[in-house]
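Notes for the structure review
If you want the building blocks of each chain, they are given just below.
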Amino acid sequence: MYTTRSRARFAAVCATTLCVTGVTSLPALASSSFASSAVSTLDRQLLTAAHQGNLWEITTGQQAQSAATTACVKRVGADFIRDHRGLDADVVKTAAELGVALPSGQTSAQLRQTAALKSLAGTSAYDAAWLKAQYPAHVQTLALIDKEIASGTNPLVKSLAKSARPVVSRHTQMVNHGMCHA
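Residues numbered from 1 in each chain as written. Predicted model: local features only at pLDDT ≥ 70, side-chain atom pairs only at ≥ 80, totals over all residues. Heavy atoms only, no water.

**Here's the deal with the pattern of salt bridges**
Under the definition given, this model contains 5 salt bridges. For the salt bridge of R82 with D79, the shortest nitrogen-to-oxygen distance reads 3.3 Å. Taken as a pair, R82 and D79 lie in helix α5 (residues 71–98) at a separation of 3 residues, close to a single helical turn. Between R82 and D83 there is a salt bridge; the shortest N-O distance is 3.0 Å. (Salt bridge = Lys/Arg side-chain N within 4 Å of Asp/Glu carboxyl O. Helix = DSSP H or I, 4+ residues; strand = E, 2+ residues; numbered from the N terminus.)

And the structure:
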């Protein structure tokens, strides 16, 4: 049974051996557990939360297209759909490159919130509830992004967080404190 120190020594010996023998490209290692082991708990948390958040934003953005009563909420919802589809494509690609399995759907809390919003469809209460739900979701996402940028360990995940930050920040401003700003 290998100890952590033994594994580290083994990895160092392997890397040194590969360098000495002239191996400069390691595509097989990039897709192995070596890439996955370089992903911290925080990195995995960001990838998972971002993916589920993107799925929720796309779903609620689509819902707003038919359920909202104001042009502003419909317009913001359309922006969210477009932007979160792009963000999620990057999350899925990064997770795949790192060997991180993502959940197939939203959290149960997100599903409940989507259902609660749907029950208000076509009323002015829908728009207010939609905006009220969007603001804290984006604030929480920004906090997780900032934590990843400051403390994440995987360069791909950190880069992903840095590129997502301006989009999520803009979205937060669009639904600032439950007010619609398209």
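Moving on from the model shown.
**Overview of the environment of L160**
With respect to the secondary-structure elements, L160 resides in helix α8 (residues 155–174). Between the alpha carbons of L160 and I149 there is a distance of 9.2 Å; along the sequence they are 11 residues apart. Leaving out residues up to four positions away in the same chain, L160 has contacts with L47, D90, V91 and T94. (Contact = heavy atoms within 4.5 Å.)

**Looking at the packing of helix α4 (residues 41–67) against helix α6 (residues 108–118)**
The interhelical angle for the contact between α4 and α6, taken along N-to-C directions, is 10°, at an axis separation of 11 Å. The pairing of α4 with α6 is recorded here as roughly parallel in orientation. Contact with α4, carried on its side by Q52, G53, W56, T59, T60 and Q63, involves Q110, Q113, T114, L117 and K118 of α6 and no other residues of that element. For the contact of α4 with α6, the class distribution of residues is 2 nonpolar, 8 polar and 1 charged. (Axes fitted to C-alpha atoms, helices over the stretch in contact; angles between N-to-C directions. Parallel < 35°, antiparallel > 145°, perpendicular 65-115°, else oblique. Nonpolar A, V, L, I, M, F, W, Y, C, P; charged D, E, K, R; others polar.)

**So, the state of the cysteines**
The tally for this structure, following the rule as stated, stands at 1 disulfide. Here C72 connects covalently by a disulfide to C180, the sulfurs 2.1 Å from one another. Negative torsions about the S-S bond denote left-handed disulfides, and the value of about -95° found for C72 with C180 makes this one left-handed. Of this pair, C72 sits in helix α5 while C180 sits in the segment after α8, and the two are 108 residues apart along the sequence. (Disulfide = S-S within 2.5 Å.)

**Focus on the packing of α4 against α8**
In contact at an axis separation of 10 Å, α4 and α8 are set at 45° when each is read in the N-to-C sense. Taken together, α4 and α8 sit at an angle that is classed as oblique. The hand of the α4/α8 crossing is left-handed. Residues D43, L46 and L47 of α4 lie in contact with α8, whose contacting residues are V157, L160 and A161. (Left-handed = near helix turned anticlockwise from the far one by under 90°.)

All we've got here are geometric facts, nothing functional implied.
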